Each structure stands twice: as C-alpha cells, then as structure tokens.
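# Coordinate inspection notes
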Amino acid sequence: MVRRPFSGVFTSGQHKGVIGSNNNNEEDGLTYVDLKIRSVSNGEVENLSLQDVAPSKLRQLQNAMRGNNTLVKLNLCQNKLGNFEAWRLASFLRQNNSLTHLNIMMNRIGTSGVKMFAVALTVNKTLVELDLYNNKMGWEGYGAMAKALKVNKTLRRLDLRLNKTSTVAAKFDVKQASVDLLDINTSIRFLELDPFEGGDMIEEILYHRRQEEANKFRATLNSNKKASWNRSRIMFVGQGKAGKTATVRSLLCMKFDPEWDSTIGAKISESTVIDSDHWSIKNGDSQMTGEHATNFAARIMLEQTELRQCRVAEAEEKLESRMYNPSDITDSLSDIENIDTETEKRSSSASVNANQERLRRKERDDAEGGIIARNTPDIFREYDEKLLVDVERDGTPLMLSLWDFGGQQVFYSMHHMFLTREGVYMLVFSMVELLNSANIETVKEYLLFWLKSVRLHAPEASMILVGTFAGKLRSEEDIVTVDRLLRELAKGSFKQIYENRTDNLFYFPIDNKESKGIGTLRTAVEHVVTNDEAVSNKVSIRWMAFLDNILAFDKTSTSSYIKLSDITALANRAGIDSVGERDMALSLFHERGVIIHLNSTCILKDIIVTKPQWLVDEMSKLIRDDTLHKFDLTEIKRRELVDDFHQTYEVGLTTRDFLEFIWEGTGQVDFFIDLMRSTMLLSNWPFNKANVYFLVPSLLHEDQNKMQQSELRNSGFRIVFDFSKSFLPNGVFQRLLCLAVSYSAQFPNVKEPELSRTFALIEFEPGFPVNVFENKKTQTISVVLKREEIAAKIVKIFSSILEKINYDSMGTGLSWRTLLQDPSNGELLSVSKAQEKRVYPWFMEESEADTSSFLHSENIVVDSFLQAL
C-alpha cells in the first residue's frame, strides 16, 4: 500500500496561534509595545490600540501583521502615519480576513495613501468600520473612496471629516457623487462628511436605511423563519490517563499542562469555530439572554440579502444574454423589478421610487410568517447593528459542545445519562500503551468496550479514533503497527468510524505536548460536523427564542433546573403552543448539550436541567474514585463522618448525613436523591434501622470472599441472560442491583443482601435466596435459585428489570437471549425450546416462565414499576 507522508505527526513546530506559545527565551526588558507586537506575531491578540509609536516600532508591527488572521480591531490614531505606512496597511487589508475595525484618524495620510485604501476596499470582505478623520485626503482621495464603495459590500461606517472637504466640494458635486454611491452600495450605514449643500438628504437616506434594517430585524425575529443552528456535540471517551483532556485543550489552542488533573465525571467546554486555526473558548456566561434568537435573525437577514443579490445578478445576466431579442427584454426587466433589492436604480429620483417600493414590500414581508412571540421580553426585540456586523464577519461558524468524560470505571454507570444519539464521538487511547506487550490486551478490551458502547447509544453517530503520545513512538513503523491492530480489532464491524484520509490511516495519531497532528484532527472534526445532516437541518427562530427564554429564566432562578410547567409557559411565550413541538425543541437542546432532559419516565420528564456541568459536578461528588480524586479528610473528621465516608467507598452504602455533607450549600439533596433513584444509580437500603442508608452500586468493590462463598452455593436452578451476540455495557448490572434490592425491600423479614461489584445474594421473598452473577468475559448475567416455587416468577422479574434498564438508560439498544437450564443434564435451552420440552421447574402447571409476559416499563417510574412486579 502506498502511503502519503504523515501530516506533521513527526515534524516539529508549535501550532500557529496557540495561546501561550510565546518564546520563553526572549530577553527581559521588553517594552509594552514590544510585547504587543509579539502578541500580534503569535496571533494572540484580537483588539490592539497603540498611540505615539516610534516609526521603527510601527514597521515592526506591520511586519508582525503579515499573515495575521486573529486581529479584529486595530486603533493606530495619532501615530504620524504617512502614505508609506498607509500603503503597508492597505496591503495588509487586501489579504486579511479578520479585521473589522480600523481607526487611523488624526494622522498624515494623503491622497496617494487613501487611494491605496480604496483599492484594498475593492477586495476586502471583512472591514466594517474605517475612520480616516482628520487626515490629508483631498478631493482625489474622496473620489477614489466613492468609486471603491460602489464595489465594496461590507463597510458600514466611514468617517472622512476634516480631510480638506471644502476643496472637495469646490472640485466636484459631492451630493451627486454621494447619491450615486448610495444607489449602488447597500451596506453603508454611516457616511460622515464635512457639511455640504445637500448633505441633509444623504443623512436622511442613511437614516431611513438604518430604520428599515432595524424594522426588518424585528420582523424577522418575530417570524417563523428558519436557519440551521450549526451546533454539534463532541464526546471524548476512553481509558483513564489516555490524554482525553489534553486532546480537548489542544483542539481549543490551549497550552499543554503536564500537571493537569484527571477529569472527575465530565468536563464541558464550549467552542465557536470560525476556521481550523481558531477554535475559540466560550465560557458559560457568554450564552447571554437573547443571543440565540437575535443571532438567528441577523443570519437570516444576511442570507436573504445575499440571495436577493444573487437573483439580481442572475436577472441582469439573463437580460444581457437576451438584449438582442426585443420580446424577451420586458420579461427580464420584470425579473429584476420583482426582486426586493436596493441596487436596481442609478439616479436620485429613481432612488426615491425604490424607497417607496421597499416600504411596500416591507409591509408584505411583515405579513409573512405568523407573529410568534407577542409576549416575548423586550430584550428579544432590541436591535444592535453589532449583531449584523458580527454575523457578517464570522459567517456561519460551528458551535461545538465538547464533553470530556472521565475515564475511570467508576464513572461509566453515570455516563449513560449523558451520552446522546447524535453528535461525534472521539475515542482516545494511548498508542504507547497499545504497543506495550504487557498492557495490549487491557487496552484492546477498553477500545472494544467503547466501540460497542458508542454503537449501542448512537448507532448513526460518527466516531473518530485518536491515538496519543505520538512523540514517544520510536518510528513511523509504530504508527503503521497501531493502524493494523485497530483494523484487526474493528474487523469492519464499526461503519461509524471516520478514517484519517489525509494520512491513509484508520485513526488520527497526535501528540498534545508537541502539538503534532492537531491541525489534521481539527479539520477532520469540522468535516464530520459540517456533513452531519442533523447539524445542517433548519430550525425555527421561535425555537431559539424558546431557548433564550429558558436561559433568561435560569438567570433569575435560584436552582439549576426548571419544572416542565414553567417550561411550557416559556414555550408559549415564544409562540410554541403544541406540546409535541415543545418536546421536539427540548430534545434538540438536549442532544446539542445545552440542557439535560431525560424523558424515559414522567418524573424525569418533569425536570429540565439548565446547567449540565452543575449536574455532572454534583453527581461526581458522590460517584468518584476516592483513591484518585481525594476528599478533605480533615473536614470529614471534623463533621464526625469518617465511618460514613469509609462505608460509602468501601461497601457502596452511604448515609443521608454524608449526602448532606457532599451536597452542602446546594439546597438540592432531595432532588439529587430522587434523580439518582429515578435513573437507577441509587436505591433505598432499609435493612439497617439504625440510620437512613442508600445503596450506590457504582461504588461496590470486588469481594473475593463473597465470590468464593457463592461458588459453594452455586448449585440450583440457573437462568442465563446472554449478551455475547451483542454487548453487555457497564452500568447494566449496577442498575439491576438497584432494582433487585428495591424489590426485595418490599417484603418484611427478608435478610440483608450481600453485594459486590459482580455478585449479589438477595432474598426475593423470606426464605427464597437468589444468587446473581455478572461475567464480563462471557458477557452474561446469571441468576441461580434454590427453590423451584418461584422459578417462573424470577424469570419474569429479571426479564422485566432488564427491559426497564434497556428502555430508561440504554436507548433500547440492548439485546440478549434468555436461557433456562435443564436440571436433568445441565443444558441451557432457549425459552421456546424449554417450553416445548416442558422443562422443570420453569414450566409446570402451577407456574410457567414466559419472557414475552415481562412487565412493560415505558414511562413508568421506578416505584410504580417495583409495585407492579
């Protein structure tokens, strides 16, 4: 097989624009200007303001700006800039695609310098504000700018005051030049010139243009128009210490930190992706009230403007192609007149007619799409020109919610709550560990576990395999060896895997410390996300108004969740009256990582968590590896909770007192207990009357003594639930224990269950003990009972429990066979075969096993389900 060179995996060099990548060997004593110039060179600054800078430093700055695409606002007023400096700045503008604001007022730029800026404006597509106040432009410079603005489509504010405009007025008709300019240029909103005859008319045209834009914005905001949200969720999974967190930080252009602690539970980061070199970090506070709906409205407006401009261009081209056919010219002119655009006319009188036509068309536009948010808070109606500027600058960026899941096994049961059917899964593993002969089988087991887990929860979602620690490999042959091992492990069974086409590999080798391969990985993620149909699907603007209502409510609430009754009111305020549409919107918000809304039961459906990180953090205060993620034992001793602590993390039994300690200050202890009970992560433990105890099966340890004792009691009637043809994920057996213990506790005088991570001895009625085993190697759960009287009942109970777990926690993805042992020969038979042979004790006249009669658990809360059993 012919391979192309690996894309930077074995090449040195830090990624351009990485935060904190300054050269640590720089000499001390750098001035403020020196530091700013270096920040520009490294792509670490967005806003820069420098005044009274020495000419030599200005030249250094302009050299540093070459190739820079992170600078957004640049203020160089009062720096004695002349035509030469203007020429260099103009050259920068011709190539730059990030700068939106340039202030060069009060300098010495003359006619030739301004002409260079005019040329740059004909090709620049990002600058929205240019301040040339108090320079030495002259009338030729103004004429050049006027011509350039007939081509430029993005500049919105231009200040040309105090530029010898009296000379300008004397040389040519400023009024007519400005009218001609505005007839063609539809983007300019502020054109500031020195007073001249007819200037009031120019300002009136611009004023009406601004008002019309604001009115269109409000009309769009209150319509039912749609756009794609362009938001996805990236979930990082894999073994602990594989480098998941470091990979997230690398993708976000953050500096590598070898001392970074391992993730507890999960860490959520938000990012806006404008290009592959810049994944910006977006903290939770940046989701301002009204942001989503107003951004949607701005995007829709710009998309409509671009569409109209395309139609005008097509109609004009059509007219030109038909210009020699008189019968077709009338039709072509009609095509142009039917397009709502501000660029058809070329005279001031025609401009007035165009304004009247726009007003008539605006009335028709306002009538399109029902008004959907009559009672929407005023904040959703506010118009800010900056919205359109930002959207025009950024285009339609990707918004990513990055979920870094803790790799320790104790977290796996909890992860099922947060894994979604949509999004992108990134399976991270250590290539060094995979190539280590002592660890290879363990690493392969983890990889296969996660491959199957992702397929179970999200059979249609894309999956990317990422191998870390590339810098520690001996040669490129190791890269190829890892590729072979992964292909052998997958065996073509996981069609979701997105392969590394750049390097012709099954996976993406990277090194976070040396920033190798990160650019290729970023590009792959962007490609996968942008080609995901779910991401590009159009969403109603009223759904975004609904989301903003939720976030606004959250900011005024004392809790981090909202009840469904309040959610319904918020939906109604956004014009969503249908329960079905409300639930579809909530499902979308959940899938994209904005909220947590579990809807398998009515209790869970009634709770909408508005701060996902808060929920993860609070649950991880209980479900955690206490040997890795330490507690403050001094405080535990002071509270006299040492015994509670040890019992929690040694035998999986916690107390109400300990839960109140770890969730102190939240005021939500009962909420968390109810939530964990509803998700089968916790159950009551009423067997000890001295205190209020709860079972947390995820915290159970393997107990060899109990296992050995159980082997002595292993004879009896056996039921086997066989998952070997599919997959038995972590979390199933733990949830089974929760429900089995809760069922047993309904009967008085039953013995206290004996539990470990993979074994349980539980009485389902007084005097009727049942042994339950999990075998990960054979992918089975076995149930052994001594008394034939309850044999058929036990089959139904455990079948119903597994169905409950499958529906509530596993997305109905579990698949298993139920096998019943024939006591006469030890053979395991399918239920149908055992029924055909009337195998004792499963099929007797008094009682018969029938897995088709299991209790259907859809939308049934745990307590009702247990009572129905």
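Residues numbered from 1 in each chain as written. Predicted model: local features only at pLDDT ≥ 70, side-chain atom pairs only at ≥ 80, totals over all residues. Heavy atoms only, no water.

A tally of helices and strands in the protein chain yields 33 helices and 27 strands. Across the 869 residues of the protein chain, 55% fall into the buried class. Here the analysis covers contacts within the protein chain between residues at least 6 apart in sequence; of these, 75% occur between residues at least 24 apart. When the accessible surface of the protein chain is summed, it comes to about 38900 Å², and 48% of that surface belongs to carbon and sulfur atoms. (Helix = DSSP H or I, 4+ residues; strand = E, 2+ residues; numbered from the N terminus. Buried < 20%, exposed > 50% of the residue type's maximum accessible area, 1.4 Å probe, protein only. Contact = heavy atoms within 4.5 Å. Areas by Shrake-Rupley, 256 points an atom, 1.4 Å probe, with all protein chains shown as cover.)

Here we come to helix α2 (residues 55–64). Within the sequence span of α2, burial applies to Leu58, Leu61, Gln62 and Ala64. The buried residues of α2 occupy an angular sector of 155° when the element is viewed end-on, so they sit on one face. Tucked inside the fold, the buried residues of α2 contact α1 (32–41), β1 (47–49) and α3 (83–95). (Arc of directions from axis to C-beta.)

A few words now on the sheet that holds strand β19 (residues 683–685). The strand order β18-β20-β19 describes an open sheet built from 3 strands, whose pairing is antiparallel. Unpaired on one side and paired on the other, β18 (653–655) and β19 mark the two borders of the sheet. Pairs of neighbouring strands in the sheet enclose a mean axial angle of 40°, with direction left out of account. By the bridge criterion, 3 bridges tie β19 to strand β20 (residues 693–695) in an arrangement that is antiparallel. For Ser683, the partnering residue across the bridge sits in β20 and is Leu695. This element, helix α26 (residues 642–651), spans β18 and β20 of the sheet and lies at about 150° to β18. (Pairing = 2+ DSSP bridges. Axes fitted to C-alpha atoms, helices over the stretch in contact; angles between N-to-C directions.)

Another point: the pattern of salt bridges. What the rule picks out here adds up to 33 salt bridges. One salt bridge connects Arg656 with Asp670, and the closest N-O pair in it is separated by 2.8 Å. Within this pair, whereas Arg656 is found in helix α27 (residues 656–662), its partner Asp670 is found in helix α28 (residues 669–678), the two being separated by 14 residues in sequence. With relative accessibility at 23%, the residue Arg656 sits in the partly exposed group. (Salt bridge = Lys/Arg side-chain N within 4 Å of Asp/Glu carboxyl O.)

Averaged over all residues, the pLDDT of the protein chain is 82; the fraction at 70 or higher stands at 82%. The low-confidence segment residues 284–288, where pLDDT is below 50, has 7 contacts with residues more than four positions distant or belonging to other chains. Segment residues 322–380: pLDDT under 50, and 85 contacts once partners within four positions in sequence are set aside and those in other chains are kept. (pLDDT = per-residue confidence, 0-100.)

In this section: the packing of aromatic side chains. Scanning the model with the defined rule gives 30 aromatic pairs in all. On the numbers, 6.1 Å between centres and 35° between planes, the contact of Trp403 with Phe418 is tilted. Residue Trp403 is located in strand β11 (residues 398–405), and its partner Phe418 is located in the loop between α14 (412–415) and β12 (424–430); the two are separated by 15 residues in the primary sequence. Taking relative accessible area as the criterion, Trp403 reaches 0% and is therefore assigned buried. You can call Phe418 buried: its relative accessible area is 1%. With 5.4 Å between their ring centres and 40° between their planes, Phe759 and Phe773 make a pair best called tilted. Taken as a pair, Phe759 in strand β23 (residues 759–765) and Phe773 in strand β24 (residues 768–775) lie far apart in primary sequence, 14 residues in all. (Phe/Tyr/Trp six-rings, centres within 6.5 Å; stacked < 30°, edge-to-face > 60°.)

Among the nonpolar cores identified, the biggest contains 130 residues, and Phe418, Leu615, Leu622, Ile794 and Trp842 are the most heavily contacted of them. Excluding anything up to four places from it in sequence, Phe418 contacts Arg233, Met235, Trp403, Phe405, Ile596, Leu615, Val616 and Met619. Leu160, Leu182, Ile188 and Leu191 belong to the second largest nonpolar core, which has 52 residues in total. (Core = buried A, V, L, I, M, F, W, Y, C linked by side-chain atoms within 4.5 Å.)

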